[in-house]
Structures are given as structure tokens and as C-alpha cells.
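Structural overview for review
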Amino acid sequence: MMDAVVRLDRVSKRFGSLVVLDDLSLEVRRGEFLTLLGESGCGKTTTLRIISGFEEPTDGAVYLNGRLVNAVPAYRRRVNTVFQNYALFPHMTVGENVEYGLRFDRVPRRERRRLAEEMLARVGLADKIDRQSTALSGGQMQRVALARALIKKPEVLLLDEPLSALDARLRKELQLELKRTQRETGITFVYVTHDQEEALVMSDRIAVMERGHIRQLGRPDDVFERPETLFVAEFVGASNKLDGRVVEIRHNSVIVALPSGDRLEAPTRSAGDLATGTDVRLIVRPEHLRVAADSSAATNVVRAVLEDIIYLGSDRKLTLRVGERLRIELQERGDRLPPCLGTRLGMTVDIEIPPDALYAFRKGRGE
Amino acid sequence: MRQHDGLTRVVWFCRSAMVAAVFGAVAWSSAEAEELRILTWEGLADDAWIEPFEKAHDVKIQRTYVGSNDEYMAALAAGGTQYDTVVIVSSLAQTAIKAGFVEPVDLDKVPNFQMIYPEFRKAAFLQSDGEQYGVPTFWDIQPVTFNADVVDNCSFDALFDPKYKGKIAMWDDVSTLGDVASYMGFDNIWTLSDEQLTKVKQKMIEQKPLVRRYWSTGGEIIELFMSGEVVATNSWSYVTQALQDERMNAAQCAPERPTAWLDSHFIVAGSENRDLAHAFINYMLEPEVLAQIYEHSGFGVTNPEIAEHLPEGALQGSAMAQGPEFRSTIRFWEEIPRRGKYLEVWNEIKAASVD
Amino acid sequence: MWQAKLQRHRIEIVCAIAAIGYLVVFIGLPYANVFAFSFWEKDLYTLRPALSPENYARAFTNDLYRQVILNSAEVATIVTLVSSVLGYLLAYYLAVYAERWRNLLFFLLIVPLWTSFLLRAYIWKIILGRNGILNSALTQAGVLDQPASFLLYNKFSISIALIYIFLPFVALPVYAALEKIPRGYVEASADLGSPPWATFWHVVFPLTVPGLAAGAMVVFCLSFGDFITPSLLGGTGDIMIANVIIAQFGAAYDWPFGSALAILVLLIVMLLVGLSVWIGRTVSRGRA
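Residues numbered from 1 in each chain as written. Chains lettered and ligands numbered in written order. Predicted model: local features only at pLDDT ≥ 70, side-chain atom pairs only at ≥ 80, totals over all residues. Heavy atoms only, no water.

What to know about the interface of chain A and chain C
- Contact with chain A, which involves 23 residues of that partner, is made by 21 residues of chain C.
- Taken over both partners, the interface formed by chain A and chain C buries close to 1900 Å², and the fraction arising from carbon and sulfur atoms is 62%.
- For chain A, the biggest contributors to the area lost against chain C are Y75(A), H91(A) and F104(A); these three give 30% of the whole.
- At the surface where chain A touches chain C, the tally comes to 1 salt bridge. (Contact = heavy atoms within 4.5 Å. Buried area = accessible area lost by both parts, 1.4 Å probe. Salt bridge = Lys/Arg side-chain N within 4 Å of Asp/Glu carboxyl O.)

A short note on the domain arrangement of chain A
All names here are of chain A.
- Per the domain assignment, the segments making up chain A are domain 1 (4-234) and domain 2 (240-362).
- At the junction of the two partners, domain 1 supplies 10 residues and domain 2 supplies 9 residues.
- Taking both partners together, domain 1 and domain 2 bury about 820 Å²; carbon and sulfur atoms supply 56% of that area.
- In terms of surface lost to domain 2, no three residues of domain 1 exceed F224, L230 and E234, which account for 52% of the buried area on that side.
- In this assembly, domain 1 and domain 2 are joined by 1 salt bridge.
- With its nearest N and O atoms 2.3 Å apart, the salt bridge here joins E234 to R281.
- Inspection of the domain 1/domain 2 interface yields 3 residue pairs in polar contact (both at pLDDT 80 or more).
- When residues of the side of domain 1 that touches domain 2 are traced back to their parent elements, those giving at least two are helix 7 (220-225) and helix 8 (230-235).
- Grouping the amino acids of the side of domain 1 that touches domain 2 by side-chain chemistry returns 5 nonpolar, 1 polar and 4 charged. (Domains from an automatic or database assignment. Polar contact = N/O pair within 3.5 Å; in protein donor to acceptor, adjacent residues only side chain to side chain. Helix = DSSP H or I, 4+ residues; strand = E, 2+ residues; numbered from the N terminus. Nonpolar A, V, L, I, M, F, W, Y, C, P; charged D, E, K, R; others polar.)

Quick word on the interface of chain C and chain B
- Taken together, the contact pairs 31 residues of chain C with 29 residues of chain B.
- Summed over both sides, the interface between chain C and chain B buries roughly 2400 Å², with carbon and sulfur atoms accounting for 50% of that surface.
- Where chain C touches chain B, the interface holds 2 salt bridges.
- The partner of R58(C) in a salt bridge is E344(B), with the nearest N and O atoms 2.7 Å apart.
- Applying the counting criterion to the chain C and chain B interface returns 14 residue pairs in polar contact (both at pLDDT 80 or more).
- Those elements giving two or more residues to the side of chain C that touches chain B turn out to be helix 4 (63-97), helix 6 (117-128), helix 11 (228-233) and helix 12 (241-249) of chain C.

Let's talk about unusual backbone geometry
- A positive phi angle, close to 45°, is found at R211(A), a residue other than glycine.
- With respect to the helices and strands, the residue R211(A) is situated in the loop between strand 9 (205-210) and strand 10 (213-218).
- Given the relative accessible area of 58%, R211(A) is considered exposed.
- For D129(B), which is not a glycine, the phi torsion comes out positive at approximately 50°. (Buried < 20%, exposed > 50% of the residue type's maximum accessible area, 1.4 Å probe, protein only.)

As for the side chain of R120(C)
Residue and element names in this part refer to chain C.
- Inspection of the secondary structure puts R120 in helix 6.
- In this structure R120 is buried but unpaired, with D226 as the nearest side chain of opposite charge at 9.9 Å.
- R120 has contacts with P112, L113, T115, Y164 and I165, leaving out every residue within four places of it along the chain. (Lys, Arg positive; Asp, Glu negative; His and termini not counted.)

Considerations on the sheet that holds strand 13 (residues 263-267) of chain A
All names here are of chain A.
- Strand order in the open sheet made by the 5 strands is 13-12-11-14-20, with antiparallel pairing throughout. The sheet is open, and its two borders are formed by strand 13 and strand 20 (359-362), each paired with just one other strand. Taken over all neighbouring pairs, the strand axes of this sheet differ in orientation by 45° on average, direction set aside.
- Pairing between strand 11 (residues 240-249) and strand 14 (residues 279-284): 6 bridges, direction antiparallel. Residue pairing across strands places L242 opposite L282, the latter belonging to strand 14. (Pairing = 2+ DSSP bridges. Axes fitted to C-alpha atoms, helices over the stretch in contact; angles between N-to-C directions.)

Here's what the structure looks like:
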């Protein structure tokens with residue numbers, strides 16, 4: 001209990017008839033990097049704004065360090081935010097921006113300046129301290145926004161899609177930087193993003209959100225490898241989707257028939273409610289598929305037409321067609337693929353799907 | 001191509017406009033012979049007395065009206081010989097004469113001249129080099145207008161009476177300096193020395209605590225009286241008249257040595273209808289005509305004979321009811337050679353702090 | 001080659017011609033004319049071209065002109081300060097709180113601008129006069145025994161009319177500036193621990209200063225040069241510099257001297273505006 005820095009207890013948020021958060025509960029552990037992952041409109045930013053105090057929950061309780069803070073205004077919460085568009089004050093220099101929050105902690109002017117220098121040095125912008133904040137590049141603004149928030153030594157740092165406006169390379173670079181900063185400072189980060197890769201790279205835990213609910217909360221590998229719902233499985237990581245119907249129930253698995261006639265065995269896991277005749281969707285990651293060795297007697301094999309091979313450096317991505325319409329992708333290290341695969345474009349290959357890699361979810365009706 | 005068309009059209013339009021202008025000018029000058037063109041105040045040229053003259057002389061009178069004294073000078077300066085006669089106020093008479101805008105009158109052709117008050121006839125500012133230029137026709141003093149409900153004893157003194165503190169108004173004009181200078185006993189009210197001006201200024205600064213407002217338009221002073229803001233001012237007869245028309249118990253009196261304006265007829269230099277112009281000026285002095293103007297506009301006129309053409313007591317309360325001694329005390333508005341200096345002093349009075 | 005260039009910059013060229021044309025015709029020529037006139041000499045009704053410093057000497061040696069310029073500066077300062085404060089508050093209310101009433105209030109703010117300046121000044125005569133609306137209300141309510149005369153014909157009535165007339169000149173640019181401030185800035189400030197008033201002082205206000213300054217400057221210049229309001233609502237001692245200048249061009253027929261005064265006023269206003277801009281910059285730099 002005590003190591004929950006932030007606790008949301010059955011929080012709902014409604015704007016008129018629009019339900020943004022629906023009875024949501026969440027505990028953020030001290031010192032962790034927690035990511036709220038979801039598409040826009042899923043309620044992740046609203047969750048963040050409820051923690052920071054910019055929004056009041058319609059129902060439910062918000063605790064910071066075990067103290068109920070529903071009625072505490074944003075400026076009295078020891079929580080700081082890195083905004084999506086940085087929100088650097090345009091009429092102030094970089095240094096003034098960074099030291100701004102210290103005014104309200106009664107830090108003397110000189111000390112403020114010293115701390116700002118220190119903080120800017122940490123994000124590698126020591127030389128920009130007297131620059132006008134509007135004269136920086138996007139990545140630099142991002143770092144200044146981070147420094148401005150961190151200088152307050154917050155209990156929790158909230159980051160609202162802080163990297164979304166940057167280009168891909170810079171984003172990767174800053175992801176690692178943010179993660180490192182979090183580790184070094186030990187500050188709890190609550191990070192909002194719609195980019196599942198970003199979430200996987202940085203987070204200690206990920207909360208996958210959809211329509212005002214948390215669909216799954218767990219370590220990245222849990223969420224990635226062991227999705228608990230169809231939504232999570234589809235949303236996290238590139239996925240192949242194979243629709244079919246349960247034709248046989250075994251002890252710990254089901255047999256699913258695809259429209260192409262292929263039959264696949266999939267473990268049932270928690271989903272014990274898959275009766276024969278249920279429409280299901282099978283989810284499998286491209287990297288879990290293997291090109292079967294010739295005349296191998298492996299189970300769970302589908303026949304597919306090799307349509308394309310995409311070169312990805314050490315990896316190759318294969319585009320395959322199963323039956324008439326279904327397209328799936330396979331990703332594998334180049335040296336593990338059979339030789340001369342290029343010559344088999346347009347021909348049939350056998351694709352092996354290890355049962356462990358398959359997830360079967362009942363189709364339709366959402367969650 | 002289209003641009004070209006447009007240009008052609010513009011050129012064509014300009015050309016035809018020019019042609020029209022030229023023909024118009026020709027038409028204008030050909031009509032000249034049967035026309036007498038007068039520049040005057042509206043109200044002084046009503047059909048009631050203009051039409052009989054037109055019939056008698058078989059002439060068309062072309063009337064141009066002007067709204068202020070300054071406009072007369074501008075119209076004369078710009079108009080060349082577009083007019084035959086003009087009415088000019090006393091303070092601009094010498095300016096017009098010196099500028100050559102007007103020419104001497106032949107008094108033999110204006111027999112009615114002899115009917116004019118002798119005190120006005122030979123005013124120096126209407127003459128130059130021994131010749132008569134202006135024929136005085138209309139005049140009025142600057143009276144003190146007062147609210148008879150409040151002020152019992154009318155004179156210029158009332159304007160300096162602490163009894164009416166905060167309820168006095170003064171006309172916002174340099175000629176008010178003349179009023180006050182005259183009241184203070186100066187004779188050369190339009191040519192005061194610096195020293196004399198300083199005295200007038202001091203007098204008016206002393207008066208300031210009593211003054212509610214320096215007013216500038218007739219409408220404004222009428223409203224000040226009506227709303228009870230003020231009870232007395234140096235003024236125009238027209239203001240008193242208007243207040244009485246509004247059923248206010250207003251009256252006016254003449255200051256001891258009043259200032260007055262005098263409008264005179266002049267013949268515009270280069271007029272080609274000199275005989276007709278003289279006849280017209282003579283006609284305007286006819287008692288019957290002036291009596292009508294007096295009734296019509298309330299302006300004083302220079303021919304005392306009008307009394308015979310008016311009902312008994314019609315002149316009551318007007319400056320025309322007064323005798324020759326009174327008229328000899330009148331100081332007409334004259335050209336102020338140091339107008340800039342006067343205005344500066346007037347502004348100094350206005351800028352002086354009240355206490 | 002140059003034809004292509006001409007083609008490409010056609011709009012730019014048209015704009016430049018319009019701008020230069022405007023500057024020359026409406027600013028350059030008139031001021032050059034006034035400046036030239038200010039050295040001329042005047043003889044009764046004739047103006048003579050000359051290079052005489054006499055007009056300026058006269059303006060400097062007579063206390064009158066210093067006095068009326070001070071009068072103007074006093075009124076302009078009062079009007080600028082009060083309309084800045086009130087205009088700011090109004091704009092802030094409109095931009096931040098008004099919500100449902102915003103459009104209506106905005107309309108009410110703009111509507112007076114559609115009526116004539118004269119009318120807007122004159123209306124205060126009706127409100128403040130002895131038989132005016134205010135006096136009637138106060139006497140009827142028993143606050144006053146008899147109508148007060150201290151309401152009208154003094155600096156107070158001039159100032160109140162000018163404040164009323166010029167308030168939108170401050171409120172509108174401030175409103176525009178407030179509208180442009182993203183909510184993110186305010187939230188970021190609160191997020192960093194700033195109470196609402198400090199957020200206003202450190203973030204919102206500095207971002208509206210350019211709008212406020214622009215508005216205040218316009219108000220200062222316009223009220224400094226106004227002559228209608230003092231002549232309608234001013235008391236016996238409230239003559240302002242513009243009234244004196246107008247008298248030179250009208251009653252005194254002394255264009256050269258009037259021009260000299262106009263040039264002096266122009267210099268003084270430019271000096272004051274320049275000074276306030278400089279102070280504003282220095283202060284905002286020192287504070288932030």
C-alpha cells in the first residue's frame with residue numbers, strides 16, 4: 001500500500017454525456033516508469049490531468065502518497081508535467097524557464113540560477129541558458145521542458161506524449177535519455193503515449209487503455225507476449241490476425257479451422273469459454289512465425305504463397321498469402337531463413353506457427 | 001485589349017467633360033447681362049423683397065450664401081469677379097478694401113445712404129483715401145443676456161458679480177476681450193497695448209472663479225441657459241430671442257459702451273453691373289425692405305425710418321430703440337491688427353488656473 | 001529574366017507601392033508641409049515663406065504654451081492610466097470569464113465605435129449636466145439637495161468622456177493578446193507551483209504587455225491631441241494644446257505659428273512614447 005505514490009480509486013470522468021474514464025483504478029508504484037498506452041480518446045491524457053490536478057474526477061478518489069487530493073489545486077501538488085508541446089514560456093530565456101518553478105519554493109534568486117545551470121547541464125544544454133526559449137529546436141525544447149519539471153524534484157513526473165512532435169531518430173535517442181534520467185533520479189514517471197514501441201522500450205509497467213478502461217496492466221513482456229484481451233493483442237506489437245472457428249476442444253488447447261482449410265492448435269490459457277463453433281481470432285507476432293523446413297512433419301503448419309521479401313538489415317520480412325485473401329507477415333533473421341528463398345517468390349511455402357505463440361480470442365462483442 | 005478599351009473610354013469621358021465645362025462657361029457668361037450676383041447671409045435675401053426688385057429692374061438675382069465671416073474672404077479671394085455685391089462685417093471691411101476685393105461706391109447713386117444713422121454713415125473703417133466703400137446696412141450690439149428669474153439688475157457688472165459665482169458664461173472669442181476692455185474704460189479696444197492687454201487679462205482671470213463656461217456656439221449657450229448652468233453672459237440678441245421663444249424668462253441689456261457688429265454692402269471690384277449693383281444697395285436701404293428684414297430676422301438695421309413701417313413698440317428692447325447718444329458710444333468690431341496677440345492673451349486667460 | 005522576377009513579386013510590388021504611396025501622401029507630404037510652414041512669417045492676412053525661428057521662440061518664451069501642453073499631458077496621462085486598467089480588466093473578463101455573455105459584451109464594447117466621436121463626447125454633457133441624468137438620479141435618491149455642478153466642465157468630465165471613448169482601444173488589443181495565450185502556458189505555470197495570481201503576473205501579463213502598450217500608446221496620443229472633448233466638456237481652465245493649435249489655424253489665421261506648435265507637440269509625443277517604450281523594455285528585461 002505505502003509504495004503507491006499515486007492511487008486512483010474507481011475514478012470516473014464525464015464531460016456531459018461523454019464518458020472519458022469509466023470506474024478506473026490504478027496504483028503507480030514509487031520509482032517506477034509506468035506508461036499509459038492507448039489510442040487518442042482512450043482517456044490516457046485525462047488520467048494524467050486528473051493526477052496533475054488540471055481535471056477533477058467526476059467520481060472516485062485520487063491519492064498522492066496516500067493523501068486524498070481531490071480538492072487540492074494543481075499548483076499545490078508535488079507533481080510536475082512535461083507537456084506535449086513543451087509549453088515553454090516564450091517571453092523567458094531558457095534559464096528563466098527552468099528556474100521558474102523554484103520561485104514558488106522560496107529558493108533565492110542566485111540559488112535558482114545555480115540549480116538551473118546544473119539541471120541544464122544534465123540535459124546537455126548548459127550553453128543555452130541565456131538563449132530565448134523560442135530560439136531552440138524541438139529536441140532542445142523537449143529537454144528544457146524536462147529540466148524545468150525535474151528541477152522541482154517532483155514525487156511524480158507526468159509526461160504527456162513528450163516526443164510525439166519529434167522525428168523518429170531524435171525520438172529514439174530521447175527515449176533512452178528519458179529512461180536513463182528516470183533511473184538515475186529515481187523519480188516516478190507516468191508516461192502517456194500512443195506509440196507501443198515507445199512504451200515497450202521505456203516502461204517498467206504498461207497500462208493499455210481503451211475507452212476509459214485499463215485493459216491490461218503489466219510488464220512490457222507480459223503485455224507484449226501474453227496479451228489478455230484481443231484489443232491488447234492487436235494493439236501491442238505488429239500482429240497477424242487469423243480468423244477462424246473452433247472445431248475441436250482439447251485438454252489445454254483448441255483446434256481452429258481457418259477459411260483456407262488449414263487447422264491450427266492454440267492454447268486456451270485463461271480463455272476457457274471457447275466452445276466448439278465459436279468464431280475466434282488468432283493472434284501471432286510476425287517474429288514468431290517460421291518457415292518450415294521442407295517436408296517437415298511439424299504441427300501447426302499453414303501453406304502460404306510467398307509474395308514479397310523485404311530487406312530490414314539483419315532481419316527479413318516476408319509477406320505471405322494464406323488462402324484467397326488473408327495476408328500475414330513473417331519476420332526472421334536472414335541467416336535463419338532457408339537459402340535461396342528469393343527464387344521461391346510466388347511459390348508455396350509452409351509456415352510453421354508454434355502453438356505457444358498463438359493467442360485465441362473470442363471474436364466480436366468487444367471486450 | 002480590354003484595358004485599352006477602358007483607357008479610351010476614360011479619355012473620351014474626360015474630353016466630353018471638358019467640352020461640357022467650356023460650353024457651360026460660355027452659357028454662364030452669356031447669361032451675365034441680365035443677372036445680379038450677390039454674396040450674402042441667408043435671411044437677408046428672402047424672395048419677399050428680392051422678387052419686387054427683380055420685377056422692377058427686369059433682372060435675375062443670383063444669390064450665394066455664406067456661413068461665416070471667414071468664408072466671405074475666402075469666396076472673394078477665390079471668386080474673382082463672380083459677384084457684384086457682397087455683405088462684409090465691420091471687422092473685415094478694411095481687410096477687404098486693402099486686399100482690393102471691393103471698390104468705392106458712388107453715393108450719388110445711393111440716395112438712401114442719407115437715411116442711415118449719421119453716427120454710422122461715416123465710420124472710418126468703411127472708408128479709404130477719402131472714398132466711401134461700405135454702405136452700412138445691418139448691425140447689432142453685443143448685449144448681456146440674462147435669466148431674469150435670477151438676475152435682477154442687468155448690466156455688464158453682473159458678469160463680475162460674485163453673487164452669480166459659477167453661473168456666469170462668457171463668449172469664447174477674442175471679441176470678448178474688446179467687450180471687457182470697453183467695460184474697463186479703454187477707448188482703443190482693438191489696438192490695446194501689451195500693458196492694457198495685461199490689465200484686461202488680469203480682470204478676466206479675477207473673473208474666472210465666477211465663470212462656469214466659455215461658450216462657443218449659439219446652440220451651446222442656449223442650452224447652458226436652459227439647463228440652468230448659467231444665468232448671464234455677454235451674448236447675441238439672437239440668443240435672447242431664442243431663449244424667449246423657448247418660454248424662458250430671459251432678457252438682455254446693453255452694456256455701457258457696447259461693442260457691436262456692422263454689416264455693410266460693398267461692390268465687388270470689377271463688377272460689370274455697377275449701376276444695377278448701386279440700385280440694389282439703394283433698394284436694400286428702403287425702409288419697407290429693412291422693416292421686413294427686421295421682422296424676419298431680428299437683426300438691427302441702419303435706417304431708423306423703418307419704425308413707420310412697423311407696428312407700435314416693435315423696436316422695444318432692441319438696440320434700435322436707443323437714441324443718438326447711445327449710438328455714439330458704440331464700438332464696432334474692427335480689424336484687430338494684432339489678432340495673434342489678442343488670441344494668445346485670450347488663450348492665456350483660458351489656461352490660467354482658477355484659484 | 002527580370003520579367004519572370006517581376007511576375008513572381010507582383011503582389012509584393014503592389015503592396016510596396018501602396019505602402020510607400022500612403023507614407024508619402026498621407027504622412028510625408030503633410031508633415032513636410034507643416035514643418036516648412038513652421039518657419040514662415042505671417043503679416044495680418046498674408047503668409048510669407050521664410051526661415052524664421054520666431055515661431056518656435058514664441059512658443060518657448062510664453063508660459064501659455066508650456067501650461068496647455070502640461071494640461072494636455074495631464075489629461076492624457078490620467079486617461080491612459082485609467083483606460084489601461086479598466087480596459088485590461090474588461091478584456092480579461094471577456095477573454096477568461098465571460099463565456100455565455102462574451103459575444104454580447106463584445107458587441108457592447110464595439111458599438112460605441114460606430115457612432116461619431118462628437119456624439120460620444122456630447123452624451124456626457126447629458127449625463128453629467130446640472131439637469132443631467134446623474135444629477136437627477138442623485139437628487140431624486142436624496143443623496144444631493146440640489147444638482148451638483150462639479151461633475152461637468154472640468155478635467156474630471158473631460159477625462160471620463162475620453163476614458164469612455166478610448167477604453168476599447170486598450171481592451172481590444174489586450175483581448176486579442178489574451179486570446180492568443182495557449183492554455184498550456186497557464187497550466188504549465190500552475191503545474192510548476194505557481195498560484196493563480198503569480199501565473200497572471202509572471203506569465204499572462206507579460207504576454208499581453210505588447211497589446212496593452214500598443215493600446216495605451218494610441219490612447220495617449222489621441223487624448224493628447226484631442227480638442228473636441230475639452231471644448232465640449234472642459235471647464236474655464238481646461239484648454240488643451242490642440243485647442244490652441246486649432247485657434248492658430250482658424251481665428252488667429254497664424255498658420256506658421258500653429259505649425260510650429262504642431263511640430264512641437266509631435267516631438268513631445270514621440271519623445272514620451274519613445275521613453276515609455278524604452279522604460280517598458282528595460283523593466284520587463286529586469287523583472288523576468
